[in-house]
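Structural overview for review
Residue strings, one per chain:
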Amino acid sequence: MLKELKQIVVDAEKAFAEAADERAVEDARVAFLGRKGRLTLATGGMKTLDPSDRPAAGKALNEAKKKLAALLEEAKKRVAESGAKAKSAGIDVTLPGRQRRLGAKHPVTAMIDDCVAIFRRLGFIVAEGPELESVFNNFDALNTPSDHPSRDPRDTFYLADGRLLRTQTSPVQIRVMMSQKPPVRIVAPGRCFRRDTPDATHSMNFHQIEGLYVDRDVSLADLKSVLEAFAREMFGEKAAIRMRPHFFPFTEPSVECDFTCVMCAGKGCSICKNSGWLEIAGAGMVDPAVLEAVGYDPEEWTGFAFGMGIERLAMIKHGVSDIRYFYENDIRFLRQFR
Ligand code: DAH
């Protein structure tokens, strides 16, 4: 009996020391101190002992009980402490890994990049101008009459110092021509501002891409071929263009350029109002008055210019029905353009 108790204590020491978590400690408790545990069974063995041996056995039994109770407490404490340590270190190896979502270009930025890539292949380089412009660059040098409605403060944002938020990317034409000699072949993408009431197709803040090509003997046919090449690259081989007479102060003649409707491939649908065409670009031959304003000799140099709305291109390309989606930064909208 005494020998067996000794063995139980030795085994229990080992079992509790090896228990690494709450569960293992509980298993060890049941194995030694439970109702059918080894110590409990040994207690039952008392009955079979000679009465004279019982006092010594009883004492040894009590000591073994105390020892095991102490081992249990110690193991519980140890396991609890190491669990707390792991928690405070923020380590939970069972958690799934954290996903890092990849960002993507905003659809307006992506459209600007796509346009620029196409025009670069056609020999254009990128020019830039500021969003805060002079009245001269935005209107005067662009041959805009002093009573033209677009100059009205109800249409254009003016600053107290007389400057304005550019209403178009066309002033970049002026900046480029005033800073270099011809020939010129640039595109200028950028942000524009107008006092428009926001709706599905208007925003006070939008983007355009401007094109300007000045050289000897540039003709309307050159303009047509550039816009046609652009239409095909942007919307596919079957895209065609057509030009309609129009008016802009800075071009003569001026045209409005339509692209084949991408929704119905020219058959006619609700998007193109059954015409089969979508209005995309304003364009024309640079007015001699503009060339004169920047110091180019209109007898020697001719050029074409065009301007397109970036958001409009993106809406057509992606089937977006409302321009305001581009500015709300709703992640569910933006995610579609990854
Ligand atoms: N600036 C014009 C606009 O905002 C667009 C435009 C038309 C630009 C004709 C041009 C052009 O360069 O030649 O509506």
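Since the structure is predicted, the reported quantities are computational estimates derived from the model, not experimental observations.

1. Concerning the pattern of salt bridges
For the structure shown, the criterion picks out 17 salt bridges. Salt-bridge contacts for E300 lead to R216; the nearest nitrogen and oxygen are separated by 2.4 Å. Note that E300 is positioned in the loop between α9 (288-293) and β9 (302-309) and R216 in the loop between β5 (205-215) and α8 (220-235), a separation of 84 residues in sequence. For E300, a relative accessible area of 36% gives the class partly exposed.

2. With respect to the site of the ligand
In the vicinity of the ligand, 15 residues are found, and the nearest of them are Q168, S170, R194, Q208 and E210. S170 has a polar side-chain atom sitting 3.0 Å from a nitrogen atom of the ligand. With respect to the ligand, the side chain of Q173 contributes an N or O atom lying 3.1 Å from an oxygen atom. Burial of the ligand by the protein chains amounts to 90% of its free accessible area of 350 Å². Elements represented by at least two residues in the shell around the ligand include exactly β5, β8 (277-286) and β9.

3. Describing the environment of P249
Looking at the secondary structure, you find P249 in the loop between β6 (241-248) and β7 (251-260). Judged by relative accessible area, P249 falls into the buried class, the value being 9%. With 107 residues separating them along the chain, P249 and L142 place their C-alpha atoms 6.8 Å apart. Residue contacts for P249: discarding those within four places in its chain leaves L142, N143, T144, P145, H148 and D287.

4. Points about a nonpolar patch on the surface
A contiguous nonpolar patch, built from V262, M263 and I271 and spanning about 240 Å² of accessible area, is present on the exposed surface. Judged by relative accessible area, I271 falls into the partly exposed class, the value being 47%.

5. Re the pairing of β9
In terms of burial, β9 is a largely internal element, 6 of the 8 residues being buried. Of the pairings in the sheet, the one linking β5 to β9 comprises 8 bridges and is antiparallel in character. Pairing of Y213 across the sheet is with F304, part of β9. In the sheet, β8 pairs with β9 via 5 bridges, with the strands oriented antiparallel. From the neighbouring strand, M285 faces β9, where its bridge partner is F304.

6. Remarks on helix α5 (residues 107-121)
Taking 1.5 Å as the rise per residue, α5 with 15 residues should run 21 Å; its terminal C-alpha atoms sit 21 Å apart, in good agreement. Within α5, the full set of buried residues consists of P107, V108, M111, I112, C115, V116, I118 and F119. Just beyond α5, the residue with positive phi is G123, at close to 95°.

7. So, unusual backbone geometry
The residue after P182, namely P183, is reached through a cis peptide bond having omega 5°. Position of P183 among the secondary structure elements: in the loop between α7 (171-179) and β4 (184-193).

8. Section: the side chain of N137
When you line up the elements, N137 lands in helix α6 (residues 135-138). Residues contacting N137, with those up to four places away along its chain left out, are L142, P171, I174 and R175.

9. Some points on the sheet that holds β4
Strand order in this open sheet of 7 strands is β1-β4-β5-β9-β8-β7-β6, and the pairing throughout is mixed. Each of the sheet's edge strands pairs with one partner strand only, and the pair in question is β1 (125-126) and β6. α7 rests against β4, β5 and β9 of the sheet, and its axis sits at about 40° to β5.

Conventions and cut-offs
Residues numbered from 1 in each chain as written. Predicted model: local features only at pLDDT ≥ 70, side-chain atom pairs only at ≥ 80, totals over all residues. Heavy atoms only, no water. Salt bridge = Lys/Arg side-chain N within 4 Å of Asp/Glu carboxyl O. Helix = DSSP H or I, 4+ residues; strand = E, 2+ residues; numbered from the N terminus. Buried < 20%, exposed > 50% of the residue type's maximum accessible area, 1.4 Å probe, protein only. Near = heavy atom within 4 Å. Polar contact = N/O pair within 3.5 Å; in protein donor to acceptor, adjacent residues only side chain to side chain. Areas by Shrake-Rupley, 256 points an atom, 1.4 Å probe, with all protein chains shown as cover. Contact = heavy atoms within 4.5 Å. Patch = residues over 30% accessible without salt bridge, like charges linked within 9 Å, V, L, I, M, F, W, Y side chains within 5 Å. Pairing = 2+ DSSP bridges. Expected span 1.5 Å × (residues − 1). Axes fitted to C-alpha atoms, helices over the stretch in contact; angles between N-to-C directions.

By themselves these figures say nothing about function.
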